Amino acid sequence: RVVSRSRKSAKAVGLELGEDMEHTAVDITDSGEEAAEKLKSALEEARTVVICVGTTAFPTRRWLDKPPASTPFGTGFRLLTGDLKVTNSPKDIDANGTLRILNAINPNSTDKIVLLSSIGTRRSSTFPFSILNLFGVLDAKRAAEDALIEAATSKNLSYAIIRPGRLVGGPHTNPGMLQSEQPANMLGVRVEAGDTALGDVSRKTVAQAILATIQAGHLTDNVDYAVVNAPTDKANGNFDWEASFRKVKEPDMVREYVFESVNEEALSKWVRNWASSITTSGALFPPLPLSVRVDFPEEDGTDGPNRDIVYLSFLSVSVTGDISSVGSLTITFIRELETSAGSRSVLKIVRQPRGLAKPLLGENQLLDKFAEDLASVVNES
């Protein structure tokens, strides 16, 4: 089932609408009730919804619903001066259009939503993405990602966010731009958690990524990853998508401490006490660049092999006083192996969100102090 602005627009991106494909024409920039009902009807029984909408990053004729036959000073110039009415900007399509799609999805029939976004949505202020984002395309796509996560959470659905690199190869949807192709030795695939990748990717690879994400089922529930092409001597049809998805699902482990014999309760108590006091005792100098909130999971009375001990959330404060979390560390106690001499235990520290390009501000300073204090306690005992 295909939903697009028109059959003509679907064919323009290389989609052949055969007899076995049901097409519905809906303009996602239309905020009217009729368009909303039409969109709901089109998505009514869809098990999986793939959202792959977009427009040009810079002002072009594609930003206009009905572009004039000719413009004396060029379309881009007249768009910048406000001479032409914009209806298909990144905000109109990626942000507001995606939100209308999300609102139309029926949680009783849909299980999963896959969103095709872009690399750079979480790095829009850094080069080269700051150039690409001059007219807000990455801001709009980031807003779509955030709206997806919120909608999926409220509707109890799973989601997947795919962030491709710069698209190359056919079908070429913008004839006025340079039409580049990937060389034969650059058809490998690299998948990275989060938004850390940099590079180009063929449209064929992106199509394979979407299909693999759907076919992987629960393995790609609530994941976000970037995909680009990489050097290889193999065709990307041989790429092991499932292995990459398993890696993406794993959180970033930043520290690990192994104990052959340890008093679990005593160690857990020490970690909680350390976390409670370390950010306020003055033991850290210089002070951490970000505030850190300490939370403890509720004890459920069970004696399972894995147990979270403490959550450390790194907080950012905006100029208006709004507080938000930029990431977190979780200290987890894992009982890995029972032996006649006791249990082999591991203390793991993992970071969220996955795939950050670098550690959180103050993370290394905090963890170095933890390692130093933990070594002292272990040596004393």
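The structure reproduced in this document is the subject of the present report. Note that the coordinates shown come from a computational prediction; the quantities given were computed from them, not determined experimentally.

The next subject is unusual backbone geometry. A negative phi angle characterises most non-glycine residues, just as the trans form characterises most peptide bonds. That bond from F127 to P128 is cis: its omega, 5 degrees, falls within 30 degrees of zero. Positive phi, normally seen in glycine, also occurs at N156, with a value near 60 degrees. With respect to the helices, strands and loops of the structure, N156 is situated in the loop between helix 6 (137-155) and strand 5 (158-164). A positive phi is found at N222, a non-glycine position, where the angle reads about 55 degrees. Relative to the elements of secondary structure, N222 occurs in the loop between helix 7 (203-215) and strand 9 (223-230). Taking relative accessible area as the criterion, N222 reaches 37% and is therefore assigned partly exposed.

The next subject is the pairing of strand 5. The buried fraction of strand 5 is high, at seven of seven residues. Both strand 4 (residues 112-116) and strand 5 contribute to a ladder of five bridges, which runs parallel. Residue pairing for strand 5: V114 is matched across the bridge by A160. The pairing of strand 5 with strand 9 spans five bridges and is parallel. Along strand 9, the bridge assignment pairs A160 with V223.

Within the largest apolar cluster, 26 residues are counted, with the highest numbers of intra-cluster contacts made by V271, L312, I331, L347, L366, F370 and L374. Looking at this core, the elements that each hand over two or more residues are strand 10 (252-259), helix 9 (264-278), strand 12 (306-317), strand 13 (323-339), strand 14 (342-352) and helix 10 (363-380). The greatest single-element share of this core, amounting to six residues, is contributed by helix 9. Not counting chain neighbours up to four residues away, the residues in contact with V271 comprise I309, V310, I331, L347 and F370.

Before going further, it helps to examine the sheet that holds strand 7 (residues 188-193). Strand order in the open sheet formed by five strands is 3-4-5-9-7, and the pairing between neighbours is mixed. In this open sheet, the two strands that pair with only one neighbour each are strand 3 (48-51) and strand 7. The mean angle between the axes of side-by-side strands here comes to 20 degrees, regardless of whether they run parallel or antiparallel. Relative to the sheet, helix 4 (residues 90-104) contacts strand 3 and strand 4, its axis offset from that of strand 3 by approximately 175 degrees.

In the case of a regular strand, side chains alternate between the two sheet surfaces. Counting buried positions over the eight residues of strand 9 gives eight, a clear majority of the element. By the alternation rule, side chains of strand 9 split into V223, Y225, V227 and N229 and D224, A226, V228 and A230, which are all buried. Pairing geometry for strand 7 and strand 9, over six bridges, is antiparallel. Looking across to strand 9, one finds that V191 is bridged to V227.

So, how was this worked out
- Residues numbered from 1 in each chain as written.
- Predicted model: local features only at pLDDT ≥ 70, side-chain atom pairs only at ≥ 80, totals over all residues.
- Heavy atoms only, no water.
- Helix = DSSP H or I, 4+ residues; strand = E, 2+ residues; numbered from the N terminus.
- Buried < 20%, exposed > 50% of the residue type's maximum accessible area, 1.4 Å probe, protein only.
- Pairing = 2+ DSSP bridges.
- Core = buried A, V, L, I, M, F, W, Y, C linked by side-chain atoms within 4.5 Å.
- Contact = heavy atoms within 4.5 Å.
- Axes fitted to C-alpha atoms, helices over the stretch in contact; angles between N-to-C directions.

In short, geometric facts, not functional conclusions.
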